[in-house]
Structure formats: structure tokens, C-alpha cells
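Architecture and fold: a report
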Amino acid sequence: MSIAPAALSPAARSLAGYARWRWWELALFAALPLSWLLLPGHALLLKDIAILALFAVSLDLILGYAGIVSLGHAAFFGFGAYAAALFAKEVLPDPIVGLVVAVAASSLLGLATSVLILRGTDLTRLMVTLGVASILYELANKLDWLTGGADGLTGVVIGPITVPFSALAGFEFDLNGRVAYAYTLVVLIVVLLIARRLVYSPFGASLQALRDNRLRAASIGLSVPLRLIAVYTIAGGVAGAAGALLAQTSGFASLDLFDFHRSAEVMLVLVIGGTGYLYGGIFGAIAFKLLHDLISAWTPQYWNFWIGLFLVVLVLVGRERFIRPWTWFGKGARP
Amino acid sequence: MTTVLATRSLVKRFGGLAATNDVTLDVQRGARHALIGPNGAGKTTLINLLTGVLEPTSGTISLDGADITKLASHLRVRRGVVRTFQINQLFNTLTPLSSLALAVSVHRKTSTRWWRSLGSDAGVAAECEQLLGRFRLGDVMDQPVHSLAYGKRRLLEIALALACQPRVLLLDEPVAGVPEGERQEIFETINALPADVSILLIEHDMDLVFNFARTVTVLVNGAVFAEGDVQSVSQDPRVKAVYLGEDDVT
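Here goes a summary of the coordinates provided.

Core analysis: the biggest nonpolar cluster contains 165 residues, and A:L54, A:V231, B:L100, B:C128 and B:A159 have the highest contact counts within it. Here this core takes 16 residues from helix 3 (residues 43–65) of chain A, the largest share from any one element. Ignoring any residue separated from it by four or fewer positions in sequence, one finds B:L100 in contact with B:C128, B:L131, B:L132, B:A159, B:L160 and B:A163.

Here's what the structure looks like:
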């Protein structure tokens, strides 16, 4: 570096740029509210995409960053949904208070179940997470005096969204989903901003470090179990928020929310979008839902065949090359 | 001389095999202490016991007089017992810079600040700059660790340990696989550590051991076979017979 003596050392300069905003991140954050303005007719679909994206971002925190594999992430999604629906039905219909309660409840569930994922191998974790989701599924089924059992929790009326600390009149959820989408978007953006802080912090780096090498992580003085408990609790809360949003905007919670296919789907979304860079869940959710809509419009019965084929090709070719078609043929096409 | 790290009658059995057999060892403050012995003598097992990677079958380990036999691995690091590994143990998807910044943040107790960027602390940056310079990792500091050449990764292995500001540094064959010409340089960096840092070294290159160490402990079959200053150990005929015989040490 012979050009103009810099005030900062190279390491300090590189570290200062560690959390800098990339242009495409800014574009993504700008595109989120724009989608609300420009696509008013698709608010219901976009809302579903945003909820799925939020759910997948939660999985990315544990899978992509901390390396915790889970086949039961729907446990938190469903728990948050039931918590929000029950709170609205039995206590208070206000959606924002309900959301906070649901996040708190599913974070607690994350904290309580985190001890189960500390030990063992990836296979152990897959089975334990799967088991926890199954247990909650059956509990929701059995406790029908509380949850409505197999019929689901109906008769949930959500009040209007009031902006905290302001005299504005509340926004009622409307039939075409614009209020619901706006509400979901605000939650998604807030969570993304917080998660972005988190993953670029020393805490975020420590998660990546223990994902790469637990032995060494402990050997630089990190408490691996405490970090895992922390991130699992946080991810539980975020997944719970996604579930709560679904329950609140649909006025319904059912056993299906705990189902295995939910856990598998969110894993699929994250695989499509890519793990470990925070936005994989968003791109994955968009791709997944659009593919779903496209294929089911064309051939409703064979949707699973095509998504299966897509997944096989994507994983075999590799995402990096899949999204760069110009690298498919010619020199250097083989890895 | 004060003893910093000590073991008393330390035993580790793997089934019927005593990998560590009744080892009583004192590491003094500011020691330059080498641990030598033939392959399978239990040197790495002893380091694993000292750092809490393994739990001893019996016996005790103490640091500054306090019993740390049952203390978790990461808590020993926070008390200043830091090691390097014989086989590189690195964070492969991180960069050398972010690895070091993390280790320094952990040492400074700022690693739980989730709302601050890893790079926001000027003190962390300064320490990283110093380590990168000392280990000549500056030109690769922003590349993922897995893409680095072996020699660079070996340097990072040691730099990561130094980022933890050790009081007792346990080096498990630090220059294994490092080209002859660069070994001396790594040792000069290690030698340049503050005089009150205690260093316990496992090494096979006898020239390096005798240049570096003031005290030598010879392990054979998990037990202490001989101990003393460099002079007496290198001239001990029994040591020559079991271990140094093959090497030409004169």
C-alpha cells in the first residue's frame, strides 16, 4: 500500500468495512416496501411469502450460522401461532401485544428445548427436533378444550392494528390483505435489521466459528453451549413471530402448523435460497412460492414432481452455478 | 520461581492403556519447558488433560494453586491456559482477520455485544494488526481460511492462540509441516513473548528443543522418564538410549 498514507491500518480498514451495506442489500430493503405499493392486487400472496421468508430467516440463524440442523422448526412456528391465536381469543385482541406475547412464548420454548440440541451428532439433532415438533403436534391435538384439537382454533378475532404511542385510528385487517401485508412487512424488516446487527457482531462471528470448529471455539475461550442456547432461543422467537403473523392475519390456528411438511418446507426454502448469508430465506421464499403458483397453475396434481426435480438439479449443479447460466457450458463449466 | 501450572499423579486410561501414567509436572512462571518423548508417549494426551479436552481418570491439575481438574475447557482459556493443536483447528469459512478479531473480542469480554459490529472496536483492530504483522498474514487477511496455503494456516493456528493473551501457552508441535527455513522464525516470534508467559512445548526437532527450552521433561509410555535442565537431559545416557539414540545429538 504505497498510495497515500491512510489514517487507519489495513486491518482496521478491513474491519471497519466488515458490516458495510452491500448495494444489493439496500436494493432488497427498498424493494420490500415497493412491493406493497406496486403490487396491491397480490398482497395475499406476498404476505404468505413474507411469512415464509421470516420463518426461513429463523432457520438460517440456527442452521446457516450456528450449524444446528433441524427437522422440527415448525414447533416454534406452530407454538407462536397458537400462542397468538389463544391470546387474541382469551385475553386481548390487540395484534401487536399478541405478537410480543407469542414471540416471548416461543423464545421460552426455544430456551427450554435448546438443552436437547447441545449434545450428540447432527443425526441426534435431526431426530430430537423432529420429536419435539411431533410432541407439540399431539399436545395441540389432545388438549382440545384449549386448542380446539383437530378442528383447529376457530373464532379468533383480531383487533385493529394501533400504532403504539400515537393517536392514529387503528387499521382493521381487510379482505384483500393490504393491511396484513404491511403489518407482516414491518415485522419482517424489523427482524431483518436486528438479525443483521446480530450476524455481523462478535456474537454472530462466534456462531460461525463454533459451526466451523467447536473444539477451537472452546479453545479461544468461547462457551459453546451458552452460544447455542442463545441463538436457539432467538431463532425460536423469530419462528414464533412468523407463526403469530400467520395466525393473526388468517384468524385461525390448526394442527397443520406443527406438521412435518412445514419443517421440511422451510428447510427446502432455505436450501433454495442459500444458507448463512441472512437473505437466503427471502430469496428462497420468493422462488418457492412463485414456483408453487406457476407449476400448480399449469399442472396442479404434479407439483411435487416438479419441485422435486428442481431440488435435485439445484443441489447437484450447485446454487452458485445454477443462478449463473453462462457458466453451465464451455470452459471451466466443470467444478 | 513460582509454579503456575501443576499436575499431581495425573492418570488417564483408555481402556487398559494408561496414556498418562502418574504424571507429576510443574510448569514454572516464565518457563521455557519442552515435553519430549517417542511417538505414543502420551504428550498430546497430557496437553488435552491440561486444557480440559479430556478428563483425567485420577489425579489433579492446578493453576496458580487453585484446583482446575474439573474446570471446563473454555474457562481455563479465560484463566490464561491456551494451546495450539498438532493438527490445525481453524475456522475454515472465516478469514484470518475475523478469526483473530473474534478471539481478541472474547479475550476482551466484548464478544457478547450482539448490537456492535465485529469491527467497531479500535482496540481489537490494533491487536489484530499487530498479530497479522507478526505472523505475516496481512496479505491474506481477507481470504477464507480454507483457501490459504498450509504454511499460512499453521501461522494462523499459532496467532489465534496468542490472540487469547496466554499466561501459559501449550504448543503441540507448532512447526509440524512448516518448511525448515521458516521454523526458526516462528520460534523467534514465540521467544519474543513476555518473559513471564510460561511455555510448554511438544516438539520433535531436537535442535529446536535444545535452542529453545531451559527445562526438559521426557515422557515414555505415559510416565515421566526423566526431567531436568537441557544440559543434564541431553547427556543422560538413559534418555539417549530410549529416545535420542536415533537422533545425532552432540
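Another point: the sheet that holds strand 10 (residues 223–229) of chain B. Residues and elements named next belong to chain B. A sheet is described by the order of its strands in space; here six strands give the open sequence 6-7-8-3-9-10, paired in mixed fashion. The sheet is open, and its two edges are formed by strand 6 (81–83) and strand 10, each paired on a single side. The mean angle between the axes of side-by-side strands here comes to 20°, regardless of whether they run parallel or antiparallel. Here five bridges tie strand 7 (residues 168–172) to strand 8 (residues 198–202), and the two strands are oriented parallel to one another. Within strand 8, the position partnered with L170 by the bridge is L200.

This brings us to the interface of chain B and chain A. Contacts between the two partners involve 40 residues from chain B and, on the opposite side, 29 residues from chain A. Sorting the residues of the side of chain B that touches chain A by element identifies helix 2 (73–78), helix 3 (96–107) and helix 4 (122–134) of chain B as the ones contributing at least two each. Broken down by element, the side of chain B that touches chain A gets its largest block of residues, eight residues, from helix 3 of chain B. Taken together, the residues of the side of chain B that touches chain A break down into 19 nonpolar, 15 polar and six charged.

This part takes up the environment of A:L63. All names here are of chain A. As for its placement among the helices and strands, L63 is situated in helix 3. Each C-alpha atom of the pair L63 and R211 lies 9.0 Å from the other, and the pair is 148 residues apart in sequence. In contact with L63, not counting residues within four places along its chain, are I68, V69, S70, L270 and T275.

This part takes up the pairing of strand 4 (residues 58–63) of chain B. Residue and element names in this part refer to chain B. Across five bridges, the pairing between strand 1 (residues 3–14) and strand 4 is antiparallel. Bridge pairing links L5 to L63 in strand 4. Sheet topology note: the strand 4/strand 5 (residues 66–67) ladder contains two bridges and is antiparallel. Looking at strand 5, one finds that L63 is bridged to A66. Hairpin connection between strand 4 and strand 5: a loop of two residues separates the two successive antiparallel strands, and D64 in this loop has a positive phi of roughly 50°.

Turning to the packing of helix 4 (residues 74–90) of chain A against helix 5 (residues 95–114) of chain A, a few remarks are in order. The description of two packed helices rests on the angle between their axes and on the distance between the axes. Residues and elements named next belong to chain A. One way to put it is that helix 4 packs onto helix 5 with a least axis distance of 8 Å and a crossing angle of 140°. Relative to helix 5, the element helix 4 is oriented oblique. Crossing of helix 4 over helix 5 shows right-handed handedness. In this structure, helix 4 uses F76, F79, G80, A83, A84, F87 and A88 to contact helix 5, whose residues at the interface are G98, L99, V101, A102, V103, A105, S106, L109 and G110. Residue composition of the contact of helix 4 with helix 5, grouped by class: 12 nonpolar, four polar and no charged.

Rules and cut-offs
- Residues numbered from 1 in each chain as written.
- Chains lettered and ligands numbered in written order.
- Predicted model: local features only at pLDDT ≥ 70, side-chain atom pairs only at ≥ 80, totals over all residues.
- Core = buried A, V, L, I, M, F, W, Y, C linked by C-beta atoms within 7 Å.
- Buried ≥ 20, exposed ≤ 12 C-beta atoms within 10 Å, placed from the backbone.
- Helix = DSSP H or I, 4+ residues; strand = E, 2+ residues; numbered from the N terminus.
- Contact = placed C-beta atoms within 7 Å.
- Pairing = 2+ DSSP bridges.
- Axes fitted to C-alpha atoms, helices over the stretch in contact; angles between N-to-C directions.
- Nonpolar A, V, L, I, M, F, W, Y, C, P; charged D, E, K, R; others polar.
- Parallel < 35°, antiparallel > 145°, perpendicular 65-115°, else oblique.
- Left-handed = near helix turned anticlockwise from the far one by under 90°.

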